[in-house]
Amino acid sequence: MVSLMMIPRFKLMQLPYFFEENIPESGNFFVGEISSRHIVQVLRMKETEEINVTNGKGLLLTCSIIDPNKKKTEIAIKTSSSLLRKDPKISIAISLIKTPNRFEWFLEKATEIGVSEIIPLICSRTEKSSMKMERMRNIIVSAMLQSRQTWMPEFKEPVKFVEILTEKSNRQKFIAHCDDAEKKRLKDFHAAQVPQIILIGPEGDFTPDEINSAIQNNYIPVTLGETRLRTETAGIVAAILLINKN
């Protein structure tokens, strides 16, 4: 019988996950200060212990620590693999929210679910038109690592509603709104073989003009269910419905 005390501590659990934007596919390299500080000061890892590193674009490396240093830890690549992104691409274009922590919650959960793209929208009734991009991106990175994914959602600068409508792309397009006009249930649509995008409005909903403009630009009006949802909740429900179809 092998005593658990004889097994290295990180062999008893999944390897720690780290994000580095620019990484090679072979050889040795240094990870940045944020990752290095976590390796040395939080996890207290030693030489020869292993970690996983991803660039958020499908590349996953298993690496061995050569020199643990809180400023720049040197690691050696042991294995490298490139993982394909799941198709089709799911994009959520969602209105900014006045309360930042609710939008941050949406970013975290949408990333964990596996959304491919997140586009902050500025609509007629949107109460906030800017956000701290670096903070939002850090939340997405943390959620990607926590859920152990190798693909990070594309995260765009906020765009005006009219700009998203005029975008030329080959994808199935939906707009979720609360107006009494005729709508189809999103859950009734069959899986698509093309990328999909859904528009989620602010707490005051899209204006009638915005809804009509979207329909004129080939967006299909849909409902997410029988109850009225907060913006961030609607975004997550839409993400789950679309991803579960594919």
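Caption draft 1: Here's a closer look at the nonpolar core. The biggest cluster of nonpolar side chains holds 37 residues, and the ones touching the most others in it are Ile92, Leu107, Ile198 and Ile200. Of all the elements in the fold, those that place two or more residues in this core are strand E1 (17-19), strand E6 (90-95), helix H2 (100-113), helix H3 (133-146), strand E10 (172-176), strand E12 (196-200) and helix H6 (231-244). Counting 15 residues, the second largest nonpolar core, distinct from the first, contains Val159, Ile164, Ile197 and Ala214.

Caption draft 2: Expanded view of the side chain of Thr231. The residue Thr231 is located in helix H6 in this model. Here Gly201 takes part through its backbone oxygen, which lies 3.0 Å from a polar atom of the side chain of Thr231. Once residues within four sequence positions are removed from consideration, Thr231 is found in contact with Ile94, Ser95, Ile97, Ile200, Gly201, Pro202 and Glu203.

Caption draft 3: Molecular detail of helix H1 (residues 33-42). Those residues of H1 that fall on the buried side of the exposure criterion are Ser35, Ser36 and Ile39. Take H1 and look down its axis: the buried residues cluster within an arc of 100°, on one side only. Residues of H1 that are exposed and point more than 90 degrees away from the buried face comprise Ile34 and Val42. Residues of H1 that are buried sit in contact with E1, strand E3 (50-54) and strand E4 (59-67). Backbone geometry just after H1 places Arg44 at a positive phi near 55°.

Caption draft 4: How the structure looks around the packing of H2 against H3. For the pair H2 and H3, the least separation of the axes is 8 Å and the interaxial angle reads 35°. Read as a crossing pair, H2 and H3 show a hand that is right-handed. Contacts between H2 and H3 involve Phe103, Glu104, Leu107, Glu108, Thr111 and Glu112 from the former and Arg135, Met136, Ile139, Ile140, Ala143, Met144 and Gln146 from the latter. When the residues that make up the contact of H2 with H3 are grouped by side-chain class, the tally is seven nonpolar, two polar and four charged.

Caption draft 5: Local environment of empty space enclosed by the protein. Using the criterion set out here, one finds one cavity of 30 Å³ or more in the structure. Quantified by volume, the largest cavity comes out at close to 30 Å³. The wall of the largest cavity is formed by Leu96, Ile97, Pro100, Phe103, Lys128, Ser130, Met131 and Met136. Its residues assigned to classes, the lining of the largest cavity comprises six nonpolar, one polar and one charged.

Caption draft 6: Region of interest: the pattern of salt bridges. Enumeration according to the criterion identifies 17 salt bridges in this entry. Put simply, Lys78 and Glu50 hold a salt bridge, and the shortest N to O gap is 2.5 Å. Highlighted residues: Lys78 in strand E5 (residues 74-82) and Glu50 in strand E3, separated in sequence by 28 residues. Classification of Glu50 as buried rests on a relative accessible area of 13%. Among the ionic pairs, Glu112 bridges to Lys109, the shortest N-O distance being 3.8 Å. On the criterion of helical spacing, the pair formed by Glu112 and Lys109 is a turn pair, its members being three residues apart in helix H2. Taken together, the shared-partner salt bridges in this structure form one network comprising Arg102, Glu203, Arg230 and Glu232.

Caption draft 7: Inspection of the packing of aromatic side chains at higher detail. A complete count under the given rule lists three aromatic pairs for this structure. Taking 6.0 Å as the distance between ring centres and 45° as the angle between the ring planes, the aromatic pair formed by Phe103 and Phe106 counts as tilted. Within this pair, Phe103 and its partner Phe106 are both found in helix H2, separated by three residues, close to a single helical turn. The residues Phe103 and Phe106 share a single accessibility class, namely buried. Centre to centre, the rings of Phe161 and Phe206 are 5.4 Å apart; their planes meet at 45°, and the pair counts as tilted. With a gap of 45 residues between them, Phe161 in helix H4 (residues 161-165) and Phe206 in the loop between E12 and helix H5 (208-216) connect regions that are remote in the sequence.

Conventions used here
Residues numbered from 1 in each chain as written. Predicted model: local features only at pLDDT ≥ 70, side-chain atom pairs only at ≥ 80, totals over all residues. Heavy atoms only, no water. Core = buried A, V, L, I, M, F, W, Y, C linked by side-chain atoms within 4.5 Å. Buried < 20%, exposed > 50% of the residue type's maximum accessible area, 1.4 Å probe, protein only. Helix = DSSP H or I, 4+ residues; strand = E, 2+ residues; numbered from the N terminus. Polar contact = N/O pair within 3.5 Å; in protein donor to acceptor, adjacent residues only side chain to side chain. Contact = heavy atoms within 4.5 Å. Arc of directions from axis to C-beta. Axes fitted to C-alpha atoms, helices over the stretch in contact; angles between N-to-C directions. Left-handed = near helix turned anticlockwise from the far one by under 90°. Nonpolar A, V, L, I, M, F, W, Y, C, P; charged D, E, K, R; others polar. 1 Å grid on protein atoms, 1.4 Å probe; cavity = no way out; pocket = protein on both sides within 12 Å on 5 of 7 lines; lining within 4 Å. Points joined across faces, edges and corners; volume = space filled by probe spheres on them. Salt bridge = Lys/Arg side-chain N within 4 Å of Asp/Glu carboxyl O. Phe/Tyr/Trp six-rings, centres within 6.5 Å; stacked < 30°, edge-to-face > 60°.

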